[in-house]
2 protein chains.
Amino acid sequence: MPKNCNFIEKLREAGLRPTKQRIKMCEVLYNREKTFHFTINDLVKIISEKMNEKISLATVYNTVHAFEKKGYLKEISIDSHKSYFDTNTSAHHHFFDEDTHELIDCDESDIDKINIRKNIKGKKINSVEVLVRVASDNQTQK
Amino acid sequence: MPKNCNFIEKLREAGLRPTKQRIKMCEVLYNREKTFHFTINDLVKIISEKMNEKISLATVYNTVHAFEKKGYLKEISIDSHKSYFDTNTSAHHHFFDEDTHELIDCDESDIDKINIRKNIKGKKINSVEVLVRVASDNQTQK
DNA sequence: ATCTACATTATAATAATTCTAAACTATTGA
DNA sequence: TCAATAGTTTAGAATTATTATAATGTAGAT
Ligand SMILES: [Mn+2]
Ligand SMILES: [Mn+2]
Ligand SMILES: [Zn+2]
Ligand SMILES: [Zn+2]
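Since this is a predicted model, take the numbers as computed values, not measurements. (Residues numbered from 1 in each chain as written. Chains lettered and ligands numbered in written order. Predicted model: local features only at pLDDT ≥ 70, side-chain atom pairs only at ≥ 80, totals over all residues. Heavy atoms only, no water.)

A. Highlighting the interface of chain A and chain B. Taken residue by residue, the interface counts 42 residues in chain A and 42 residues in chain B. Taken over both partners, the interface formed by chain A and chain B buries close to 3500 Å², and the fraction arising from carbon and sulfur atoms is 49%. Put simply, chain A and chain B have eight salt bridges between them. The partner of Asp112(A) in a salt bridge is Arg117(B), and the shortest N-O contact between them spans 2.1 Å. Looking at the side of chain A that touches chain B, the elements that each hand over two or more residues are β2 (74-79), β3 (82-86), β4 (94-97), β5 (102-105) and β6 (123-136) of chain A. With 14 residues, the top contributor of residues to the side of chain A that touches chain B is β6(A). The residue inventory of the side of chain A that touches chain B, partitioned by class, reads 16 nonpolar, ten polar and 16 charged. (Contact = heavy atoms within 4.5 Å. Buried area = accessible area lost by both parts, 1.4 Å probe. Salt bridge = Lys/Arg side-chain N within 4 Å of Asp/Glu carboxyl O. Helix = DSSP H or I, 4+ residues; strand = E, 2+ residues; numbered from the N terminus. Nonpolar A, V, L, I, M, F, W, Y, C, P; charged D, E, K, R; others polar.)

Encoded structure:
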């Protein structure tokens, strides 16, 4: 979803009723300069602490999954223990900072096109995504 | 761990007491031709159904995590909802079959070396792994 | 054989997520 | 306008995966 867009219209187009909870969540998620990577927990915290709003946890889950189904959010597998979501729904690669647990998007120029030589009979490729795990390089440490 | 190895010795070397539960689990995990990718649930099922053994669920978790810490198993992030483990602990790429939820290892020749042009200040790269999601290509379907 | 540190186990606790069913509300159209 | 209705929110219960606890068992040392 584009930044500063008319969320009421966008929600309607997606067949989702523009309730105040959903509009608030759109603002949190999409009124940003950069891609937003988050866990449900992050999102709940932002809504309650930064926005001083109260949206039921069940609604946050429902809405995130509704947005995911409509293609406005994408789930990212980084950690088997919790779900990360991404407002950048295109196929793209990531850096994952193992110190801060932060995800950073790669753009086209950051990683050369991946060349897959193998193919699995009867199967087509749905996506090819690279995860680069990084951590502080402690060159100053012994 | 090599196939058909002396698991008692291997466990001792790792500083792990070779208990009967651990030896049994080594047999299930490492007496195989190919890399084994599994969830805890898969493993428990194999132990109880195929091996007709009873190992407490807590022990399965403890042992898998002990093996992981010693570098005999590696956790793979495919699905935020459950943990996959891999007996191939080297850095390698995967195909993931979205129909069967099966992981397949790539070998060196399957994917060309990944060229990363970006670097994050103060961070070093720990790993670069590619996940290729595949699904049945249904060319016969409408 | 005895000791002891470590391991196993059943069970309880926790955490993430989903379900349920009642209350609420956005939209429709009389 | 204003009910009717279908979709939505909500608190709380249920479920699932995982981890903690604490009692019991056992491998390895003496
Ligand atoms: Mn999900
Ligand atoms: Mn883990
Ligand atoms: Zn991203
Ligand atoms: Zn593998």
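From this point, things continue past the structure.
B. Spatial organisation of the coordination of the zinc ion (ligand 4). Residues and elements named next belong to chain B. Around the zinc ion (ligand 4), the protein contributes the donor atoms His37 (NE2), Asp86 (OD), His92 (NE2), His94 (NE2) and Asp105 (OD), at 1.9 to 2.2 Å from the metal centre. Written as a sequence motif, the donor residues of the zinc ion (ligand 4) are H-x48-D-x5-H-x1-H-x10-D. Here the residue histidine 37 occupies a position in strand β1 (residues 37-39), and aspartate 86 occupies one in strand β3 (residues 82-86), the gap between them amounting to 49 residues. Judged on exposure class, the residue histidine 37 and its partner aspartate 86 are both buried. (Donors = N, O, S within 2.8 Å, 3.2 Å for Na, K, Ca; no water. Buried < 20%, exposed > 50% of the residue type's maximum accessible area, 1.4 Å probe, protein only.)

C. The protein's contact with DNA strand C, seen in detail. Taken together, the neighbourhood of DNA strand C is formed by 18 residues, with Arg12(A), Tyr61(A), Thr19(B), Gln21(B) and Thr59(B) sitting nearest. Restricting the count to atoms of DNA strand C within 4 Å of the protein gives a sugar and phosphate share of 76%. Tyr61(A) has a polar side-chain atom sitting 2.5 Å from a phosphate oxygen of DNA strand C. One nitrogen or oxygen atom from the side chain of Thr59(B) is found 2.8 Å from a phosphate oxygen belonging to DNA strand C. Of all the elements in the fold, those that place two or more residues in the surface near DNA strand C are α4 (57-70) of chain A together with α2 (20-30) and α4 (57-70) of chain B. If one sorts the elements of the surface near DNA strand C by residue count, α4(A) sits on top with four residues. Along the lines of polarity and charge, the residues of the surface near DNA strand C split into six nonpolar, seven polar and five charged. (Near = heavy atom within 4 Å. Polar contact = N/O pair within 3.5 Å; in protein donor to acceptor, adjacent residues only side chain to side chain.)

D. Quick look at the relation of the copies chain A and chain B. Each copy superposes on the other: chain A lies on chain B with an RMSD of 0.1 Å after a rotation of 180 degrees and an axial shift of 0.0 Å. What the rotation and shift describe, once combined, is the action of a two-fold rotation axis. The fraction of interface residues of chain A whose copies in chain B are also interface residues reaches 100%, indicating that both copies meet through the same surface. (Least-squares fit on C-alpha atoms with pLDDT ≥ 70 in both.)

E. How the structure looks around the protein's contact with DNA strand D. The immediate surroundings of DNA strand D are formed by 18 residues, with Thr19(A), Gln21(A), Arg22(A), Arg12(B) and Tyr61(B) found nearest. Backbone atoms, meaning sugar and phosphate, make up 78% of the atoms of DNA strand D lying within 4 Å of the protein. Residue Arg22(A) places a side-chain N or O atom 2.8 Å away from a phosphate oxygen belonging to DNA strand D. Ranked by the residues each element gives to the surface near DNA strand D, the list is headed by α4(B), at four residues. Residue composition of the surface near DNA strand D, by class: six nonpolar, seven polar and five charged.

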